[in-house]
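# Residue-level structural notes
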Amino acid sequence: MLSHYLPLLLLCLAGLPARSPALPFEQRTFLDFAMDNIDSDVVTAFMRDQEEGSGMEVPDRPTCPFGCRCQLRVVQCSDLGLTEVPEGIPSDTKFLDLQNNRITELKEHDFKGLTNLYALALVNNRISKVHPRTFSPLKHMQKLYFSRNHLTTIPQGLPQSLVELRIHDNNIKRVSAGTFSGLSRMNCIEMGSNPIQNSDFEPGAFKGLKLNYLRISEAKLTGVPKDLPDSLQELHLDNNQIQAVELEDLKRYKELYRLGLAYNRIRNIEDGSLAFLPKLTELHLEYNRLNRVPQGLQNMKYLQMVYLHVNNITDVGVDDFCPRGSGMKRTFYNGISLYDNPVNYWEVQPATFRCVTSQQAIRFGNYKKK
């Protein structure tokens, strides 16, 4: 694993350029899910109050669950050893943090009256059972962090207002047709580190979704899943068992600008496969078993970053990355990574990298025969 990469909360909401495969979001404090300027006056006031002590007066709250901290519509109940959702959560709560507890089940009325809730963190509990109506009161909830639990299926009855779902590191083994029905506002799903195989996605599993970001890394995929939302801008399938990319695999994703296929077993990318991705700017194929540079990179107008290190590439052609002559490329490469491949880098012609911004943008050499 590339543990030095920082977790990103808002990849699904902003097209930020990045230089490494995205790791799952990891919420560290109860303010992490409040940093996207939603209700920023509340967040700013809360942070200022923490710094200045009694610098601002806060009216007495009528209730606060025992052991929790309730302030400015933020309720922190993490790391308390709770075995169930506590009673007495204020009705105007916007951010509710229940992570790092021992909750095993979510009941029908656990969140009754919390119609103003915007974000809910349930990370690192022991939840295996969720009542179908648990989330019914949460009419305005946009962010749900459900990672590191014991779920075997994606919970039913998710709020139609939901924008972001982080549910990685559970035990989900099937995604049924209609699972995300009615969730037209959802634009980000993180569901890596679940034992999902290609056959576990029923036809129509993602029907109706208009996702920007989808991550199904660290699963048991042997190929690119079929019929993912064609609106995708980022697709991360790193750390699976994918062996090849076939011609039809990427045909639907014309909006894709970032594709992560690192740490797989890919030996072949069928010629023409990448031609379906006209907006691609970043391609991750490191730590695979490729023996050549994928065909078609030279025709990709906006491609800027290509990661091909730690493969079995033995030859790099003069036209593998750049078009001939003036060509059609609109943007120069900011980075091409080819290190740790069995290619004699001194035999590669300098003109091979004629459309790269600078020599420092090329990483080569350091191959050790295994």
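What you see is a predicted model, and the numbers here were worked out from it, not measured in a lab.

Cut-offs used in this document
- Residues numbered from 1 in each chain as written.
- Predicted model: local features only at pLDDT ≥ 70, side-chain atom pairs only at ≥ 80, totals over all residues.
- Heavy atoms only, no water.
- Helix = DSSP H or I, 4+ residues; strand = E, 2+ residues; numbered from the N terminus.
- Buried < 20%, exposed > 50% of the residue type's maximum accessible area, 1.4 Å probe, protein only.
- Contact = heavy atoms within 4.5 Å.
- Areas by Shrake-Rupley, 256 points an atom, 1.4 Å probe, with all protein chains shown as cover.
- Polar contact = N/O pair within 3.5 Å; in protein donor to acceptor, adjacent residues only side chain to side chain.
- Disulfide = S-S within 2.5 Å.
- pLDDT = per-residue confidence, 0-100.
- Phe/Tyr/Trp six-rings, centres within 6.5 Å; stacked < 30°, edge-to-face > 60°.
- Salt bridge = Lys/Arg side-chain N within 4 Å of Asp/Glu carboxyl O.

Turning next to the overall build of the protein. Summing up its helical and strand segments, the protein has one helix and 18 strands in all. Residue burial in the protein is summarised as follows: out of 370 residues, 52% are buried. Taking the contacts inside the protein whose residues are at least 6 apart along the sequence as the reference set, 49% of them involve residues at least 24 apart. Of the roughly 17,500 Å² of accessible surface on the protein, a fraction of 47% belongs to carbon and sulfur atoms.

Along the chain, N311 turns up in the loop between β16 (305-307) and β17 (335-337). Looking at N311, the relative accessible area reads 2%, which means it is buried. Within the local environment of N311, its side chain forms a polar contact with the backbone oxygen of L308, the two atoms lying 3.0 Å apart.

On to unusual backbone geometry, then. If you check the backbone angles, D79 has positive phi at about 60° while not being a glycine. Mapped onto the fold, D79 is located in the loop between β2 (74-76) and β3 (95-97). With a phi close to 60°, N124 is a non-glycine residue in the positive phi region. Mapped onto the elements of the fold, N124 is located in the loop between β5 (119-121) and β6 (129-130).

Turning our attention to the state of the cysteines. Summed over all chains, the structure comprises three disulfides. The side chain of C68 participates in a disulfide bridge whose partner is C77; the two sulfur atoms lie 2.1 Å from each other. The disulfide joining C68 to C77 has a torsion of about 120° about its S-S bond and is therefore right-handed. Counting its disulfide-bonded cysteines in sequence order, the protein shows a connectivity of 1-3, 2-4, 5-6.

Confidence in the prediction of the protein, expressed as mean pLDDT, is 86, and 82% of residues score 70 or more. Segment residues 1-19: pLDDT under 50, and 49 contacts once partners within four positions in sequence are set aside and those in other chains are kept. Low confidence marks residues 33-58, where pLDDT is under 50. Its contacts with residues over four positions away, or in another chain, come to 42 contacts.

Okay, the environment of H284 next. Inspection of the secondary structure assignment puts H284 in strand β15 (residues 282-284). On the accessibility criterion, H284 (0% relative accessible area) is buried. Along the primary structure H284 and Y307 are separated by 23 residues, whereas in three dimensions their C-alpha atoms are 4.9 Å apart. At 3.1 Å, the side chain of H284 forms a polar contact with the side chain of E286.

The subject of this paragraph is the packing of aromatic side chains. Scanning all chains against the criterion turns up ten aromatic pairs. Ring geometry for Y345 against F364: centres 6.0 Å apart, planes inclined by 45°, an arrangement best described as tilted. A residue pair is termed long-range when its members are at least 10 positions apart, and Y345 in the loop between β17 and β18 (362-363) and F364 in the segment after β18 qualify at 19 residues. Classification of Y345 by relative accessible area gives partly exposed; the value is 44%.

Counted according to the given criterion, the structure contains 15 salt bridges. Salt-bridge contacts for D249 lead to K226; the nearest nitrogen and oxygen are separated by 2.9 Å. Here the residue D249 occupies a position in the loop between β12 (244-245) and β13 (258-260), and K226 occupies one in the loop between β10 (213-215) and β11 (234-236), the gap between them amounting to 23 residues. Residue classification places K226 among the exposed residues on the basis of a relative accessible area of 54%. Note that K279 and E255 form a salt bridge whose closest N and O atoms lie 2.8 Å from each other.

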